[in-house]
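Residue strings, one per chain:
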Amino acid sequence: MAVPVAFFALFFAYPVTAIVGRGLKVGGDWQFGRIGDVLTRPDILDVLWFTTWQALASTALTLLIALPGAYVFARFDFPGKQVLRAVVTVPFVLPTVVVGTAFLALLGRGGLLDELWGVRLDTTVWAILLAHVFFNYAVVVRTVGGLWSQLDPRQEEAARVLGAGRFAAFRRVTLPALAPAVAAAALMVFLFTFTSFGVVQILGGPAYSTLEVEIYRQTAQLLDLPTAAVLTLVQFAAVGGILAVHAATVRRRERALKLVDPAQTSRRPRGAGQWALLGGVLITALLLILLPLGVLVERSFDGPGGYGFGYYEALQSVGAGGSSTFLVPPLEAVGNSLRYALVATLIALVIGGLAAAALTRRAGRLVRGFDALLMLPLGVSAVTVGFGFLITLDKPPLDLRTSWILVPLAQALVGVPFVVRTMLPVLRAVDDRLREAAAVLGASPLRAWREVDLPLVRRAVLVAAGFAFAVSLGEFGATVFIARPDNPTLPVAVARLLGRSGELNYGQAMALSTILMLVCAVSLLLLERIRTDRSGEF
């Protein structure tokens, strides 16, 4: 636990505490009375209610739509499965600003829905909920599907032989085994929607505001740092309480499971019901995932003189169309993002892997509390973290403001919780007797981990690496404050282009977003191929 604790204390707790302290201190004295003043304001109470309500609704809707997809990817083998798995993960790495813009093109004025049926859903809750499902669909599919594919189907078949119906066998055998993974997926979806920013700001309009949007507004627009500090504390306390309840609930449901090679559980669909389920998942992916992405690609080619590569060609020069948005060609952001994401993934795997290994031992309250603390970066405002980096990491020996490593460190903060939540259910499902048998035969703890745990969790490690790489590519909230002007990342470059008026800037933003989408799709497809090629080693 020492390395993960030190990492989070230095790069998370210290910056967040410093920025909150600046908001609540006046002349060196704490002004805690400001907390009550802020929380009794009617506008702030409305923000708190909407933030909680939409997060719960988004989580429930995402589970309802994505769990059938998790089953299909875990149990069915069909042509194009690897490609489709990579495609459904792409939305998760897109900056939320781009997600909101894509859905605005579908649901807003002049969008596809408006042109076909004269219906607009922008500035409504439904647009926000659908965008959140689009964004978080892959979280459920990969987190739940990863464990589901390793559950021995013969246990459920044995229950059916003993007289249980299909639903009863699923409810009594499979669902309890999946409960920790489902809870982990629901927790991640809730945290992301609870702190939603770009989607709500673009699709919700002035009528809807989450805590994250309000913190940004109070900090960047109204310069009211005390109010922003109070809202950050509220967000911190709410997320901490949720994580504590989650840790206690999941701990009571965990048990050792018999895990098998995923190749043994995947087969072609049989019967009309299974083919209908596969068809329903494919249609859902087409309408919910591919359609918004298709609109994004179409906008990137739709230039003033007709369809062409004009916007892509403009990405290769500085100041195209008279714009001074960048010090370097926007296309250089692709290489920057890949380098940063690779380093951030390595950091996240090391920190998250050590944390998951420590949490597997279930040793005392300190470890259980650390389980919840690891998820806090997903629930604390990225605006707060970004500003905290700037005001704390500015003096030797931690003067990192001009160092390239600052961006991967911020990205790894978001990647570590995904590594932990992906690896932990699988690690805890490994039977302790296997480790004990290895120890009896003379294996050291390190060798027991290498010979027993690692072969069983290699699949989870690859899934965790894919998630860490994906979220690092798409991280925006903290990176926007610390990325240097001559080394922007893809999300930062897209946001800068969207923040400037003009058709050329908008078109370049769509082109750069399409490149980000393709980079992610290719990376995830390579990950799927590597994982499939190695599946025989389990």
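Up top is the structure these notes are about.
Residues numbered from 1 in each chain as written. Predicted model: local features only at pLDDT ≥ 70, side-chain atom pairs only at ≥ 80, totals over all residues. Heavy atoms only, no water.

### Description of the packing of aromatic side chains
Considering all chains together, one arrives at 14 aromatic pairs under this definition. Residues F73 and F78 carry aromatic rings whose centres are separated by 6.2 Å and whose planes lie at 50° to one another, so their mutual orientation is tilted. Each member of the pair, F73 as well as F78, carries the same accessibility label: buried. Taken together, a centroid distance of 5.5 Å and an interplanar angle of 25° make the contact between F190 and F194 stacked. With F190 and F194 both in helix α9 (residues 166–194) and four residues apart, the pair spans about one turn of that helix. A residue is classified by how much of its surface remains accessible, and F190, at 9% relative accessible area, is buried. What links up through ring pairs into an aromatic cluster is the set F7, F8, F11 and F12. (Phe/Tyr/Trp six-rings, centres within 6.5 Å; stacked < 30°, edge-to-face > 60°. Buried < 20%, exposed > 50% of the residue type's maximum accessible area, 1.4 Å probe, protein only. Helix = DSSP H or I, 4+ residues; strand = E, 2+ residues; numbered from the N terminus.)

### Details of the nonpolar core
Counting 155 residues, the largest nonpolar core has F7, F389 and F418 as its most contacted members. Beyond its immediate sequence surroundings of up to four residues, F418 is in contact with F92, M188, F192, L378, F467 and V471. V430, A443, A448 and V452 belong to the second largest nonpolar core, which has five residues in total. (Core = buried A, V, L, I, M, F, W, Y, C linked by side-chain atoms within 4.5 Å. Contact = heavy atoms within 4.5 Å.)

### Section: the side chain of Q218
By secondary structure assignment, the location of Q218 is in helix α11 (residues 211–221). Judged by relative accessible area, Q218 falls into the buried class, the value being 2%. The contact partners of Q218, leaving out residues within four places of it in the chain, are R41, L223, D224, L225, T227, A228 and L231.

### A word on a positive patch on the surface
A contiguous patch of positive charge, built from R160, R166, R267 and R270, is present on the exposed surface. Residue placement: R160 occurs in helix α8 (residues 153–161). (Patch = residues over 30% accessible without salt bridge, like charges linked within 9 Å, V, L, I, M, F, W, Y side chains within 5 Å. Areas by Shrake-Rupley, 256 points an atom, 1.4 Å probe, with all protein chains shown as cover. Salt bridge = Lys/Arg side-chain N within 4 Å of Asp/Glu carboxyl O. Lys, Arg positive; Asp, Glu negative; His and termini not counted. Charge placed at Lys NZ, Arg CZ, Asp CG, Glu CD.)

### Topic: the pattern of salt bridges
On inspection of all chains with the given rule, the structure shows three salt bridges. The residue D43 makes a salt bridge to R41 at a minimum N-O spacing of 3.1 Å. Assessed through its relative accessible area of 34%, D43 is described here as partly exposed. Note that R299 and E298 form a salt bridge whose closest N and O atoms lie 3.9 Å from each other.

### A word on the side chain of T479
With respect to the helices, strands and loops of the structure, T479 is situated in helix α22 (residues 479–482). The exposure class assigned to T479 is buried, which follows from its relative accessible area of 0%. The residues touching T479, leaving out its near neighbours within four places in the chain, are V407, Q411, T489 and V492.

### Overview of the packing of helix α7 (residues 125–148) against helix α21 (residues 445–474)
Packing of α7 against α21 brings their axes to within 10 Å, and their N-to-C directions diverge by 165°. Considering the angle they form, α7 stands roughly antiparallel to α21. Helix-helix and strand crossings are classified by hand; for α7 and α21 the assignment is left-handed. Touching A138, V139, R142, T143 and G146 of α7 are R459, V463 and F467, all from α21. For the contact of α7 with α21, a count of residues per class yields four nonpolar, two polar and two charged. (Axes fitted to C-alpha atoms, helices over the stretch in contact; angles between N-to-C directions. Parallel < 35°, antiparallel > 145°, perpendicular 65-115°, else oblique. Left-handed = near helix turned anticlockwise from the far one by under 90°. Nonpolar A, V, L, I, M, F, W, Y, C, P; charged D, E, K, R; others polar.)

### A closer look at the environment of F73
Mapped onto the elements, F73 comes out in helix α3 (residues 42–75). Through-space distance from the C-alpha of F73 to that of V141 is 7.5 Å; in sequence the pair is 68 residues apart. In contact with F73, other than residues within four places in its own chain, are F78, K81, L84, R85, V88 and V141.

### A short note on a nonpolar patch on the surface
Taken together, the side chains of L112, L116, W117, V119, I283, L286, L287, L290 and L291 present a nonpolar region at the surface, about 860 Å² in accessible area. Counting residues per element, the ones that place at least two in the nonpolar patch are α6 (112–117) and α14 (271–301). The element that contributes the greatest number of residues to the nonpolar patch is α14, accounting for five residues. Topologically, W117 is positioned in helix α6. You can call W117 exposed: its relative accessible area is 63%.

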